[in-house]
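Residue-level structure breakdown
Next come the chains, spelled out residue by residue.
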Amino acid sequence: MDFRKSTIKDIPSIMGIIKQAQSYFKSKNIDQWQDGYPNEDSLKGDIENDESYVLIEDGKIIATAAISFRGEKTYNKIYDGKWISNDKYAVVHRVAVGDGYKGRGISHKIIKFSEEKCKEKGFYSIKIDTHDDNFVMRSMLEKNGFKYCGVILLEDGAERVAYEKILEK
């Protein structure tokens, strides 16, 4: 298994994984990614910004994530808590694992990869948000050392629970 930067040619495969995640959320009554997001335009933006990655196994894309070092304006205000640090930070978005690959620790590998990328760039804080009802993601974050920090509001006003992890220098 290897990570690599995504290309425009990868969008159909990435969208396939995103659609699987959307179906999973819907089946669990989780109101996350149910409004047409993420879509091809958001993936193209990630690729153009050099922030999109895929995990490859046997020549097939099995997972995806975006790692951004540009900050996140929706993180400027946090409610019912506070961020651990005010240092520069990376944001991990759009984490998704293909249905046939769940339960193999792939999301943990994505987090470890994200941490390595952060350290390479001199970033020692990672922030991430998810839906309050996305207990699988929340558990994975906590198992990987992320701490719950509070609630952020997306641009459309939807609430998301926010986490942060400080990396060892």
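See the structure shown above.
Since this is a predicted model, take the numbers as computed values, not measurements.

1. Quick word on the packing of aromatic side chains
One pass over the full model with this rule turns up eight aromatic pairs. Between Phe-3 and Phe-113 the ring centres are 4.1 Å apart and the planes differ by 10 degrees, which places this aromatic pair in the stacked class. Pair noted here: Phe-3 is in strand β1 (residues 2-5) and Phe-113 is in helix α3 (residues 106-120), with a separation of 110 residues, a long-range link. On the basis of relative accessible area, Phe-113 is assigned to the buried category, the value being 13%. Connected via pairs of aromatic rings, a cluster forms that spans Phe-3, Tyr-53 and Phe-113. Taking the ring centre of Phe-123 as reference, the NZ or CZ of Lys-88 above it sits at 4.7 Å. Here the guanidinium or amino end of Lys-102 rests over the ring plane of Tyr-24, the centre of that ring lying 5.4 Å away.

2. Comments concerning helix α4 (residues 135-143)
Three or more residues of α4 are buried, namely Met-137, Arg-138, Met-140 and Leu-141. Summarising the axial view, the buried residues of α4 lie within an arc of 165 degrees, below the 170-degree limit, and thus occupy one face. In this structure, α4 carries Phe-135, Val-136 and Lys-143 as exposed residues pointing more than 90 degrees from its buried face. Each element contacted by the buried residues of α4 is listed here: β4 (90-97), α3, β5 (125-130), β6 (147-153) and β7 (159-166).

3. A look at the layout of surface pockets
Here the largest pocket is characterised by a volume of approximately 1,300 Å³. As for the largest pocket, its lining consists of 47 residues, and the residues nearest its centre are Gln-32, Trp-33, Arg-94, Val-95 and Asp-129. Mapped onto the lining of the largest pocket, the elements with two or more residues apiece are α1 (11-27), β3 (60-68), β4, α3, β5 and α4. Of all the elements, β4 adds the most residues to the lining of the largest pocket, at six residues.

4. Topic: the environment of Ile-84
Topologically, Ile-84 is positioned in the loop between β3 and β4. With 79 residues separating them along the chain, Ile-84 and Tyr-163 place their C-alpha atoms 9.0 Å apart. When sequence neighbours within four positions are dropped, the list of residues in contact with Ile-84 reads Lys-147, Cys-149, Glu-164 and Ile-166.

Basis of the calculations
- Residues numbered from 1 in each chain as written.
- Predicted model: local features only at pLDDT ≥ 70, side-chain atom pairs only at ≥ 80, totals over all residues.
- Heavy atoms only, no water.
- Phe/Tyr/Trp six-rings, centres within 6.5 Å; stacked < 30°, edge-to-face > 60°.
- Helix = DSSP H or I, 4+ residues; strand = E, 2+ residues; numbered from the N terminus.
- Buried < 20%, exposed > 50% of the residue type's maximum accessible area, 1.4 Å probe, protein only.
- Lys NZ or Arg CZ within 6 Å of the ring centre and 35° of its normal.
- Arc of directions from axis to C-beta.
- Contact = heavy atoms within 4.5 Å.
- 1 Å grid on protein atoms, 1.4 Å probe; cavity = no way out; pocket = protein on both sides within 12 Å on 5 of 7 lines; lining within 4 Å.
- Points joined across faces, edges and corners; volume = space filled by probe spheres on them.

Without other data, these values stay purely geometric and don't point to any function.
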